[in-house]
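A closer look at the structure
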Amino acid sequence: MEEKTWVRMVTAQTPTNIAVIKYWGKRDETLILPVNDSISVTLDPAHLCTTTTVAVSPSFDQDRMWLNGKEISLSGGRYQNCLREIRARACDVQDEEKGIKIAKKDWEKMHVHVASYNNFPTAAGLASSAAGFACLVFALAKLMNAKEDNSELSAIARQGSGSACRSLFGGFVKWNMGKAEDGSDSLAVQLVDEKHWDELVIIIAVVSSRQKETSSTTGMRDSVETSLLLEHRAKEVVPKRTKQMEEAIKNRDFGSFAQLACADSNQFHAVCLDTCPPIFYMNDTSHRQD
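The chain appears in an unreviewed UniProt entry as diphosphomevalonate decarboxylase from Salix koriyanagi. Taken verbatim from the UniProt record of the chain, the Sequence similarities (unreviewed entry) comment is "Belongs to the diphosphomevalonate decarboxylase family."

Here is the structure:
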């Protein structure tokens, strides 16, 4: 019985990110492959982040997860995809001090407990699932001694939540949509780190912490199926705009950066209106100009 008493724990913290060139629409629902590239800025983890602790022990008889103190089901495909992908990459773990020895092949039958906490409203439009899945994948990779780098891990986090792939880096991050059918080239790369433009300050005003009426998953699916504007945006607008945005970030050109970010946000909301039935993510406070 003695060998069943140990617990190995890892805690990670991952910030959320805000897209300045939006991801909206998937070409593959299961693998979460986008119809266009996107670019985001990673926020300061001191203000908006997810903290996740993952633990493994021979005494655990099933995988379990708690979000903000409340137990949630891990049976969903997205959680299962992330767990399966990290387990497949797990390596030997040895901690002589604690008497822990886990062989690579043992990870398949070991169970994990996950406790995750967001220091901001969940599902209110602040990319909680992005920070959440990025943190889960990063913490599991450390727990299981996976050797993949952050870009490789981003392709796993993407299968939990598309935007999660961008939260594995600080600074400005680009999610390359990729072309491969298996999604192997749909991953995130850091354009510049957080020190590149450290005078840039982002102010977030939460005008409502209520959960969105239309989830991003449902909204995207409806847009892909019904919006002609989305098709035009993905093929014609985003490729040019992405290049312009990369240039603005590289040159720290705030005028161009702000103009492009606002134009892209407006077009995203236009796509939502062009969807059948229309989707409304802005409220009365968002529309006020004063």
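Details of the pattern of salt bridges
Across all of its chains, the model carries 14 salt bridges by this definition. Lys174 is the partner of Asp37 in a salt bridge, and the nearest nitrogen-oxygen pair spans 3.9 Å. Separated by 137 residues along the polypeptide, Asp37 in the loop between strand E4 (33-34) and strand E5 (38-42) and Lys174 in strand E12 (residues 172-175) bring together distant segments of the chain. We classify Lys174 as buried; its relative accessible area is 13%. Glu85 is the salt-bridge partner of Arg89, the closest N and O atoms lying 2.8 Å from each other. Of this pair, Arg89 and Glu85 both sit in helix H1 (residues 77-89), 4 residues apart, which is roughly one turn of the helix. Taking relative accessible area as the criterion, Arg89 reaches 28% and is therefore assigned partly exposed.

A short note on a nonpolar patch on the surface
A cluster of nonpolar residues, Ile202, Ile204 and Val206, forms a patch on the protein surface that exposes about 230 Å² of accessible area. Take Ile204: it is sitting in the loop between strand E13 (188-192) and helix H4 (216-226).

Brief notes about unusual backbone geometry
Going from Cys276 to Pro277, the amide bond is cis rather than trans, its omega being -5°. Residue position: Pro277 is located in the loop between helix H6 (254-273) and helix H7 (284-287). Notably, Asn145 is not glycine yet its phi reads approximately 60°, a positive angle. Tracing the backbone through its elements, the reader meets Asn145 in the loop between helix H2 (128-143) and helix H3 (150-157).

Description of the nonpolar core
Within the largest apolar cluster, 49 residues are counted, with the highest numbers of intra-cluster contacts made by Trp107, Leu140 and Leu143. Sort the elements by how many residues they give to this core and H2 lands first, with 9 residues.

Let's talk about the sheet that holds E13
Here we have 4 strands laid out as an open sheet, ordered E2-E5-E12-E13, and antiparallel in their pairing. Each edge of the open sheet is held by one strand with a lone partner, namely strand E2 (17-21) and E13. Within the sheet, the average angular offset between the axes of one strand and its neighbour, ignoring direction, is 35°. Examined bridge by bridge, E5 and E12 share 4 bridges and lie antiparallel to one another. Considered in E12, the bridge of Ile39 is made with Lys174. Packed onto the sheet, helix H5 (residues 228-250) meets E2, E5, E12 and E13 and runs at close to 115° relative to E2.

What counts, and where the lines are drawn
Residues numbered from 1 in each chain as written. Predicted model: local features only at pLDDT ≥ 70, side-chain atom pairs only at ≥ 80, totals over all residues. Heavy atoms only, no water. UniProt positions renumbered as here; feature names shortened; annotations may be inferred. Salt bridge = Lys/Arg side-chain N within 4 Å of Asp/Glu carboxyl O. Helix = DSSP H or I, 4+ residues; strand = E, 2+ residues; numbered from the N terminus. Buried < 20%, exposed > 50% of the residue type's maximum accessible area, 1.4 Å probe, protein only. Patch = residues over 30% accessible without salt bridge, like charges linked within 9 Å, V, L, I, M, F, W, Y side chains within 5 Å. Areas by Shrake-Rupley, 256 points an atom, 1.4 Å probe, with all protein chains shown as cover. Core = buried A, V, L, I, M, F, W, Y, C linked by side-chain atoms within 4.5 Å. Pairing = 2+ DSSP bridges. Axes fitted to C-alpha atoms, helices over the stretch in contact; angles between N-to-C directions. Contact = heavy atoms within 4.5 Å.

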